[in-house]
Amino acid sequence: MLNLSVRRRQGDFQLDVDLAAGAGVTALYGRSGSGKTSVINMVAGLSRPDSGRIEVDGKVLFDSASGVDLAPERRRLGYVFQEHRLFPHLSVRGNLVFGRNRLAAAERAVDFDQVVDVLGIESLLDRRPANLSGGEKQRVAIGRALLASPRILLMDEPLAALDSARKAELLPFIAKLARQFAIPILYVSHAMDEVLRLADTLALMDDGRVAAAGPLEQLMADPALRPLTGRYEAGAVVSAMVASHDAAYGVSRLSFGGGTLLVSHADLPVGSKVRVRIHARDIAIAIEPPERVSIRNVLPAVVTSVTPTDAFLVDVVLSCGGAPLWGQITALAQAQLGLVPGMRVHALIKALTIARGDVAGISPSP
Amino acid sequence: MFTMTPLEIEALGLSLLVSSWAVAGSLPLGLACAWLLARRDFPGKVVVDGLIHLPLVLPPVVVGYVLLVVLGRRGVVGGWLFDWFGITIAFTWKGAAIASAVIAFPLMVRAIRLSLEGVDRGLEQAARTLGCGPVRTFVSVTLPLMLPGVLTGVILAFARSLSEFGATITFVSNIPGETRTLPIALYALTQTPGGDAAALRLCVISVVVAFAALLASEVLSRRVQARLKA
């Protein structure tokens, strides 16, 4: 469990961050320049806050009031950097055991063979970092940080330097980490797809402060946070479970609080928990359920709020069996339909708009 | 067949002895100075930098004379050393080593500093987060990564020491078997009527030794580079 409350001035930029990160993956999300990396560096002890307090599992790492400022090597944190930062003069094995060798035998909580196995790096052990691909390097870097048996794993955009194929290759490994090694992860990112895939808790950074923090689904469904979650990314996130596949038509059925959602084929076993992103602009609203329509998802819902964003667009938040959906419609449509909070409506979602990238398998809740 | 005369063997042996000690003795200080200049900001850094580089631009005779004034038996430090410990530096091979070390020092510091500046600080940060203190980080990450530069510095300084003449002759003079290194023996021969043939032989020996040193440095640094990359 990480608790921090720090302030730091960097030139004209003022950081003032309060954050708590518990079990599972906490994503620190924000656009570049919002101060995410500064926060993680302060936790690691690579930069020093002007004032504040940082605590991990009850151990004080930094406290300006009592003058505590532990050196990085005494903080017992794992840090996976954006660039792999592997030691070029050591083999993969030498890199992996680098931090582990600094620990007394009793403190080595993470098993070498398990890490090698989970990360699939057994065949690389005797190679040099220079001979590895970008994805392999980052896997070794993750293993190296894990083997130092950290109290918390800090990851600073570990996928940002990789192309999308490598990224897709690495994401499942990271998703596995938190639950397999029971180490909390603080994951810094500006890529919403990574956050949706990995995060249990989301902290939105903006201009040097944490603007909002909470469970991912809750924050993503809040139109007020849209400037931070991203205009293009705008949309709700719904937790669901794979109910069935229909191979003949290439579709999958997901069940969630509001009923069944038909999506394009999801390559996941029946019963797995998923997180589905439904873009706000892909939701249409009907007062009566339309008949003989191509749209496969027609879900009864109740309007919870109607908020104009400008003269042209209106944000409509619906509650669909308790799950928040968020649609964006034109102000004209809203006026002609007379949408007001409390109204019973139907949310229409084309199955094809929920593509593979929008359905992410997530770990069973711990 | 080229067989060396006792005089040549003596001069060569002395040159190697003096240069080895000059390099070995100044390496720790060279590392410290390079680290200070590359990694630390402190008031007067420009002055320290200038002082270290001064022997590079001063006439070696000036350096030799200053050493004599300071370390000679009646010098500030030399007198104290003699009175308290009975140590004499001037006009001994140890003095020759010190003179060579001072002259070669800027070359060594430059090479080491350059390689230190090339070391990615991010790797040192990574080592710190993995539980290494500053000293351990330096020994296990920084030093191996700057090894090619250190090697270059050492060989450069060694070669420069081998060729040291001006400061040496001023500080420790020309004493056979004590301070008569290759260049000094060569100079003495050129001043002796009929010494041309012997002088030429010393020239050849000097060239061979210097060239061997450069070659060794090239081979070594290539090997280290390959180890870092492969």
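The rules behind each value
- Residues numbered from 1 in each chain as written.
- Chains lettered and ligands numbered in written order.
- Predicted model: local features only at pLDDT ≥ 70, side-chain atom pairs only at ≥ 80, totals over all residues.
- Heavy atoms only, no water.
- Contact = heavy atoms within 4.5 Å.
- Buried area = accessible area lost by both parts, 1.4 Å probe.
- Salt bridge = Lys/Arg side-chain N within 4 Å of Asp/Glu carboxyl O.
- Polar contact = N/O pair within 3.5 Å; in protein donor to acceptor, adjacent residues only side chain to side chain.
- Helix = DSSP H or I, 4+ residues; strand = E, 2+ residues; numbered from the N terminus.
- Nonpolar A, V, L, I, M, F, W, Y, C, P; charged D, E, K, R; others polar.
- Pairing = 2+ DSSP bridges.
- Axes fitted to C-alpha atoms, helices over the stretch in contact; angles between N-to-C directions.
- 1 Å grid on protein atoms, 1.4 Å probe; cavity = no way out; pocket = protein on both sides within 12 Å on 5 of 7 lines; lining within 4 Å.
- Points joined across faces, edges and corners; volume = space filled by probe spheres on them.

Okay, the interface of chain B and chain A next. The interface of chain B with chain A comprises 21 residues on the first partner and 22 residues on the second. Between chain B and chain A, roughly 1900 Å² of surface is buried when both sides are summed, and carbon and sulfur atoms account for 63% of that area. For the chain B face of the interface with chain A, the top three residues by lost area are R128(B), T129(B) and L130(B), together amounting to 32%. Summed over the shared surface of chain B and chain A, the number is one salt bridge. A salt bridge links E73(A) to R128(B); the shortest N-O distance between them is 2.6 Å. The interface formed by chain B and chain A includes four residue pairs in polar contact (both at pLDDT 80 or more). Elements represented by at least two residues in the side of chain B that touches chain A include exactly helix 6 (121–129), helix 7 (134–162) and helix 10 (196–229) of chain B. When its residues are assigned to classes, the side of chain B that touches chain A shows eleven nonpolar, six polar and four charged.

Attention now goes to the sheet that holds strand 15 (residues 273–279) of chain A. All names here are of chain A. Pairing within the open sheet is antiparallel, and its five strands lie in the order 14-13-12-15-21. Sheet topology places strand 14 (259–264) and strand 21 (359–361) at the edges, where each strand pairs with a single neighbour. The average angle at which neighbouring strand axes cross in this sheet is 40 degrees, direction not considered. Pairing analysis gives seven bridges linking strand 12 (residues 235–246) to strand 15, with the strands arranged antiparallel.

Before going further, it helps to examine empty space enclosed by the protein. The gaps left among the atoms become clear once a water-sized probe is rolled over them. Residue and element names in this part refer to chain B. Counted under the stated rule, the structure contains one cavity of 30 Å³ or more. Within this model, the largest cavity holds a volume of roughly 50 Å³. Forming the boundary of the largest cavity are S15, V18, S19, A96, S100, S161, L162, E164, T168, T181 and P183. Contributing elements (two or more residues each) for the lining of the largest cavity: helix 1 (6–39), helix 5 (93–117) and helix 7. Among the elements that line the lining of the largest cavity, the one with the most residues is helix 1, at three residues.

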